[in-house]
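# Breakdown of the fold
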Amino acid sequence: FNVTKQGASNAMAWKNKGVQFVKKDAGTVSWKAESYNADLNREVTASLEFDGFVMYSVKLTALNDIHLKDIAMIFPFTKDASKYMMGLGQKGGYRPSVFEWNWDVASKNQDGAWIGNVNLGLQYSLRDEKYVRPLNTNFYLQKPLLLPASWGNGNKGGIRIAEENNSVNVNNYSGERRMKKGDVLYYNFTLLITPFHPINTDFQWKTRFYHKYDPIDTVKAKGASVINIHHATVINPWINYPFIEWKKMKDYIDEAHRKGLEVKIYNTVRELSNRAYETFPMRSLGHEIYSPGAGGGYSWLQEHIGDDYIAAWFVPRIKDAAIVNSGMSRWHNYYVEGMNWLVNQVGIDGIYLDDVAFDRITMKRIKRVLTQNNPALPAGRHPGIIDLHSANQYNKRDGFNNSANLYLEHFPYINRLWFGEYFDYENNSPDFFLTEVSGIPFGLMGEMLEKGGNPWRGMIYGMTNRMPYDGNDPGGIWKVWDRFGMTGSRMIGYWSDNCPVTTGNKNVLATVYQKSKSALVSIASWDSTDTNIKLKIDWTKLGIDESKAKVVAPDIKGFQTGRVFGLSENIPV
């Protein structure tokens, strides 16, 4: 953290008063420190939590009138720990060798970035004491970020990322400014250390989502194990208000449990149905629960709510009209307690989140509620499953953010990602798949949505699409998983230097799922034309006797035609 006076060539020196730990709980350690010089006093309070979240508050007080050349914070990365980047208006992918960014809160929902690699990385966000969570998804422009007075400094501040010698320095600068005696600035920031936990590949292979309200027997026959119940269905009709038809929901869930399946429901905080019993009491609280806006939408809203609200999702078939929540409010307490009631009285096994407007504190509370002892849960199942869906938010209405970067603070508590509408699986590179879609650098795995995804590219990240959603039925691939025995296999991605199989073509990538005497190799091409490749196999790493090996492409409907290949034979891709 460098503070430089105008006209000086070196950063100011500080005298330290020491560090004092003020909290040492099982999940959190907090500390404070103070330092000073002739012109400034710096007070730091910080905390580190078990999930990799770090929060710093840096209070800078002027002891005299002072003219500053810059106040900056530099994060030094090794090149290995900064291979990829996502955020600051950049799509997920390889980090540029030099990158320049300036604040633009009016149109870009950006206050930091994730920089890292598959096995190590860091997300940071720059804030001040007046930070307010902006609206997410396509409502961002109606409540954008507040420019932090410290870091933004009237748009003089910015970020420069550059390779220097053998390191990569991320320079977060705020630029020239004058401070009068007694002036206070807060150079706050948050960190998220990734990955959050080891990847649970076995959960990915065994737990298969079915995203539709269908009879239990139909779902079970398809090979799925978890049912997602969207809103606008018989047992969950109203948007984010699953309490009216709860008896029907309970009957359905009870049957699912008897037959060995789990049920998750659509329930999030972003917008709320006009069917909510509390609509008018909450409306009386001004903008605490509902965001201000231009009104409009479904006629009932205009007739009964009046104006000064944001009309959201509307389901014409059942005349369900939602109103946008303000983001952070006491409604979160109701949401948590409502989830508690649904677990204990209805027996839900988790939730399907369609974007998230609440913060990580609420997410921690929700995960605790969902994972409490649920007597209705079948033995051996997974309590509290949370999967997160997001449409691609890299567009003007959403502030050109990346869904993974936007929601990263929630990832320690998520079980699976589903990214999502408008994600282009055809015209983006492997590094985009890895960073923005797969979840792998963060300890997660995901599924594909848009147009059924790309099944070949998906499989090198362990992803399929979700049954029965939008074509490309994954049932054939699931059957191959079962025949091979994916559970218990070791996933070694193409991004790893230890991957025992390559193709000899940099545009055709291979990921290995390794067992003791066999391996499943997934191949996907980003080449511009059809091509032929030969598998280059390190038999020792693979743990297979070459003299006894054979290469078999299983027949999978809609995916590939079955065939046996010689060990050195060309494979058409």
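Below: a short report on this structure. Bear in mind that the values here come from a model prediction, so they are computed numbers and not experimental data.

Reading the values: rules and limits
- Residues numbered from 1 in each chain as written.
- Predicted model: local features only at pLDDT ≥ 70, side-chain atom pairs only at ≥ 80, totals over all residues.
- Heavy atoms only, no water.
- Axes fitted to C-alpha atoms, helices over the stretch in contact; angles between N-to-C directions.
- Helix = DSSP H or I, 4+ residues; strand = E, 2+ residues; numbered from the N terminus.
- Parallel < 35°, antiparallel > 145°, perpendicular 65-115°, else oblique.
- Left-handed = near helix turned anticlockwise from the far one by under 90°.
- Contact = heavy atoms within 4.5 Å.
- Nonpolar A, V, L, I, M, F, W, Y, C, P; charged D, E, K, R; others polar.
- Buried < 20%, exposed > 50% of the residue type's maximum accessible area, 1.4 Å probe, protein only.

### A few points about the packing of helix α4 (residues 246–258) against helix α7 (residues 331–346)
It is the contact of α4 with α7, at a shortest axis distance of 10 Å, that shows an interaxial angle of 55°. The orientation of α4 relative to α7 falls into the category oblique. The chirality of how α4 crosses α7 is right-handed. Contacts between α4 and α7 pair W246, M249, K250 and I253 from the former with W341, Q345 and V346 from the latter. Of the residues assigned to the contact of α4 with α7, the class counts are five nonpolar, one polar and one charged.

### Re unusual backbone geometry
Residues T194 and P195 are joined by a peptide bond in cis, for which omega reads 0°. With respect to the helices and strands, the residue P195 is situated in the loop between β16 (188–194) and α2 (201–206). In the segment running from F419 into G420, the intervening peptide bond is cis, with an omega of -15°. Following the sequence through the fold, G420 ends up in the loop between β25 (416–419) and α10 (430–438).

### A look at helix α12 (residues 475–484)
For an α-helix, 3.6 residues make a turn, and residues three or four places apart therefore share a direction. Turning to α12, its buried residues are G475, I477, W478, V480, W481 and F484. Residues of α12 that are buried sit in contact with α2, β17 (209–210), α11 (455–459), β29 (508–514) and β30 (519–525). The positive-phi residue at the C-terminal boundary of α12 is G485, with phi of around 90°.

Interpretation in functional terms is not warranted from these geometric data alone.
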